[in-house]
Amino acid sequence: MKQALITGITGQDGSYLAELLLSKGYKVFGMVRRSSTETVGRISHIMDKLELIQGDLTDQNSLRSALQQSNPDEVYNLAAQSFVPTSWNQPILTGSVTALGVTNILEAIRQTCPNVKFYQASSSEMFGKVREVPQSEDTPFYPRSPYGVAKVYGHFITVNYRESYGMFACSGILFNHESPRRGLEFVTRKITDGVAKIKLGLASELRMGNLDAKRDWGFAGDYVEMMWKMLQQNQPDDYVIASGETHSVREFCEIAFAHVGLNYRDYVHVDEKFVRPAEVDLLVGDPSKAKRILGWKAKVSFKDLVTMMVDADLARLKEQSKSEVNKKFQQLNYGSKGDLNLAALKINITKPNA
């Protein structure tokens, strides 16, 4: 049985990758940071099949310990400070985790288990102010955020360890990949959550940044399979994983609102506070190398991805509303004579729109 260690297992990609590896018969270890709050929601349904190990990319001793405990055949480094706006507010933290953290884990592997196959999560944000369209493995990087800069460092330190020490180390340059498990702070999930709230009468508007920014969006469940395939090759290499299509934030909004019978123009308002200091206007990948070598093919279309996310947020919010109503009814109490305590009936129930 193969064994794999996933850093960032509690994130969107980590949860889908863990599911995939378990389906292939792997024993899966996940590295998680010590936290005062519960962060395992995305993997709660498979927790009994995983072994979690405490560790942190900024602490090399904990990385060596995690490697010794898991004794992995494959390591997938998905952990990072991965939210671009936060990288402007916390650039030093972003550099420490997203950049130097890659060096820490590569060095720990080199010292502990140098024959392990290693996957580094690179990002299309490295292309930033793009030098050519579409972007391939040979396109020069021009990052436009501390996050993008940190990812460039992580990418090239992986290349250097591969070439200097003969390590099996790959980087996947993944373009935007989304799902119902995407964090609410990311633009795609912000849109679908906003659409669901507006449809259910829980909100009246959605405030956005640059609606004309264009991205190459795909489904995270499709993309994690390519991470695994990169480590099944005879030789390590770097690959762009993308749909090869570009869509604007405006188009994402249009499809999401139309799916619930609404016009986005009636609800979406541009707010300057959500515009990046340095915007990345157009990202679209050229996945021809991955198609040729890895057999890459996206299964979920852009439109299906958007509607999947909207439906998931509608279902989640409806379930939350039902749970809140049930909880309030359970809190009703009766007086000593069996009279209903009317004060406990102060419940605001808004009937969702059809």
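Since the structure is predicted, the reported quantities are computational estimates derived from the model, not experimental observations.

### A short note on the overall build of the protein
Right, so step 1: A tally of helices and strands in the protein yields ten helices and 13 strands.
Right, so step 2: Compactness check: the protein gives a C-alpha radius of gyration of 22 Å against a globular reference of 20 Å for 354 residues, within 12% of the reference.
Right, so step 3: Burial analysis of the protein (354 residues in total) assigns 50% to the buried set.
Right, so step 4: Sequence separation of at least 24 residues holds for 77% of the intrachain contacts in the protein that already meet a minimum separation of 6.
Right, so step 5: In the form shown here, the protein has an accessible surface area of approximately 17,000 Å², with 47% of it arising from carbon and sulfur atoms.
Right, so step 6: Across the protein, the mean location of the 43 positive side-chain charges is 4 Å away from that of the 40 negative side-chain charges.

### A word on helix α8 (residues 249-259)
Right, so step 1: Every buried residue of α8 is listed here: V249, F252, C253, I255, A256 and F257.
Right, so step 2: Contacts from the buried residues of α8 go to α6 (187-199), β8 (206-208), β12 (247-248), β13 (268-270) and α10 (302-330).
Right, so step 3: Positive backbone phi, approximately 80°, marks G261, located one or two places after α8.

### As for the environment of S87
Right, so step 1: One can find S87 in helix α3 (residues 84-89).
Right, so step 2: Taking the relative accessible area as the measure of exposure, S87 reaches 0% and is therefore buried.
Right, so step 3: A C-alpha to C-alpha distance of 9.9 Å links S87 and T98, two positions eleven residues apart in sequence.
Right, so step 4: Setting aside anything within four residues of it in sequence, one finds S87 in contact with Q81, T94, S145, P146 and Y147.
Right, so step 5: Of note is the side chain of S87, whose polar atom sits 2.6 Å from the backbone oxygen of V84.
Right, so step 6: In terms of polar contacts, S87 uses its side chain to reach the backbone amide nitrogen of Y147, at 3.2 Å.

### Topic: the nonpolar core
Right, so step 1: I6, L17, L21, Y76, Y119, I191 and I241 are the most contacted members of the largest nonpolar core, which totals 62 residues.
Right, so step 2: Grouped together as the second largest cluster of nonpolar side chains are 23 residues, F29, I109, F118 and A169 included.

### Quick notes on unusual backbone geometry
Right, so step 1: Between V133 and P134 the backbone carries a cis peptide bond, its omega angle lying at -5°.
Right, so step 2: By the secondary structure assignment, P134 is in the loop between β5 (117-123) and α5 (146-165).
Right, so step 3: Unusually for a residue other than glycine, N71 sits at a positive phi of about 45°.
Right, so step 4: Locating N71 in the fold gives a position in the loop between α2 (60-70) and β4 (74-77).

### Some remarks on the sheet that holds β5
Right, so step 1: What the seven strands build is an open sheet, ordered β3-β2-β1-β4-β5-β6-β11; its pairing is parallel. The strands lining the two open edges of the sheet, one partner per strand, are β3 (50-54) and β11 (238-241). The mean inter-strand angle of the sheet, taken between neighbouring strand axes irrespective of direction, is 20°.
Right, so step 2: Alignment of strand β1 (residues 3-7) against β4, held across four bridges, turns out to be parallel. Each bridged residue has a counterpart across the sheet, and for T7 the counterpart in β4 is N77.
Right, so step 3: Here α5 sits on the sheet and contacts β5, β6 (168-174) and β11; the angle it forms with β5, its principal contact strand, is near 155°.

### A look at the packing of α8 against α10
Right, so step 1: Packing of α8 against α10 leaves a shortest axis separation of 9 Å and a crossing angle of 55°. As summarised for this structure, α8 and α10 are arranged oblique, according to the angle between their axes. Between α8 and α10 lies a crossing whose hand is right-handed. Contact residues: α8 offers E251, F252, I255, A256 and H259, while α10 offers F302, K303, V306, T307, M309, V310 and D311.
Right, so step 2: Class assignment for the residues of the contact of α8 with α10 results in seven nonpolar, two polar and three charged.

### Focus on the packing of aromatic side chains
Each aromatic ring pair is described using two quantities: the centre-to-centre distance and the angle formed by the ring planes.
Right, so step 1: Per the counting criterion, the structure on display carries twelve aromatic pairs.
Right, so step 2: Ring geometry for F127 and F141: centres 5.3 Å apart, planes at 50°, overall tilted. Of the two residues, F127 is situated in the loop between β5 and α5 and F141 in the loop between β5 and α5; the sequence distance between them amounts to 14 residues. F141 matches F127 in its accessibility class, with the two residues each being buried.
Right, so step 3: Relative to F252, the ring of W217 has its centre 5.3 Å away and its plane inclined at 65°; by these criteria the two rings are edge-to-face. In this pair, W217 sits in the loop between β9 (214-215) and β10 (218-219) while F252 sits in helix α8, placing the two residues 35 residues apart along the sequence.
Right, so step 4: Its relative accessible area of 0% is what places F252 among the buried residues.
Right, so step 5: Members of the aromatic cluster, connected to one another through ring pairs, are F127, F141, F156 and F175.
Right, so step 6: Positioned above the aromatic ring of Y16, the side-chain terminus of R181 is 3.9 Å from the ring centre.

### With respect to the confidence of the model for the protein
Right, so step 1: With 91% of its residues at a pLDDT of at least 70, the protein reaches an overall mean of 92.
Right, so step 2: Under a pLDDT of 50 for its full length, residues 343-347 has, in the predicted model, six contacts with residues more than four places off or in other chains.

### Some thoughts on the side chain of S15
Right, so step 1: Mapped onto the fold, S15 is located in helix α1 (residues 12-23).
Right, so step 2: In contact with S15, not counting residues within four places along its chain, are I9, R42, I43, I46 and R181.

What counts, and where the lines are drawn
- Residues numbered from 1 in each chain as written.
- Predicted model: local features only at pLDDT ≥ 70, side-chain atom pairs only at ≥ 80, totals over all residues.
- Heavy atoms only, no water.
- Helix = DSSP H or I, 4+ residues; strand = E, 2+ residues; numbered from the N terminus.
- Rg over C-alpha atoms; globule rule 2.2 N^0.38 Å.
- Buried < 20%, exposed > 50% of the residue type's maximum accessible area, 1.4 Å probe, protein only.
- Contact = heavy atoms within 4.5 Å.
- Areas by Shrake-Rupley, 256 points an atom, 1.4 Å probe, with all protein chains shown as cover.
- Lys, Arg positive; Asp, Glu negative; His and termini not counted.
- Charge placed at Lys NZ, Arg CZ, Asp CG, Glu CD.
- Polar contact = N/O pair within 3.5 Å; in protein donor to acceptor, adjacent residues only side chain to side chain.
- Core = buried A, V, L, I, M, F, W, Y, C linked by side-chain atoms within 4.5 Å.
- Pairing = 2+ DSSP bridges.
- Axes fitted to C-alpha atoms, helices over the stretch in contact; angles between N-to-C directions.
- Parallel < 35°, antiparallel > 145°, perpendicular 65-115°, else oblique.
- Left-handed = near helix turned anticlockwise from the far one by under 90°.
- Nonpolar A, V, L, I, M, F, W, Y, C, P; charged D, E, K, R; others polar.
- Phe/Tyr/Trp six-rings, centres within 6.5 Å; stacked < 30°, edge-to-face > 60°.
- Lys NZ or Arg CZ within 6 Å of the ring centre and 35° of its normal.
- pLDDT = per-residue confidence, 0-100.

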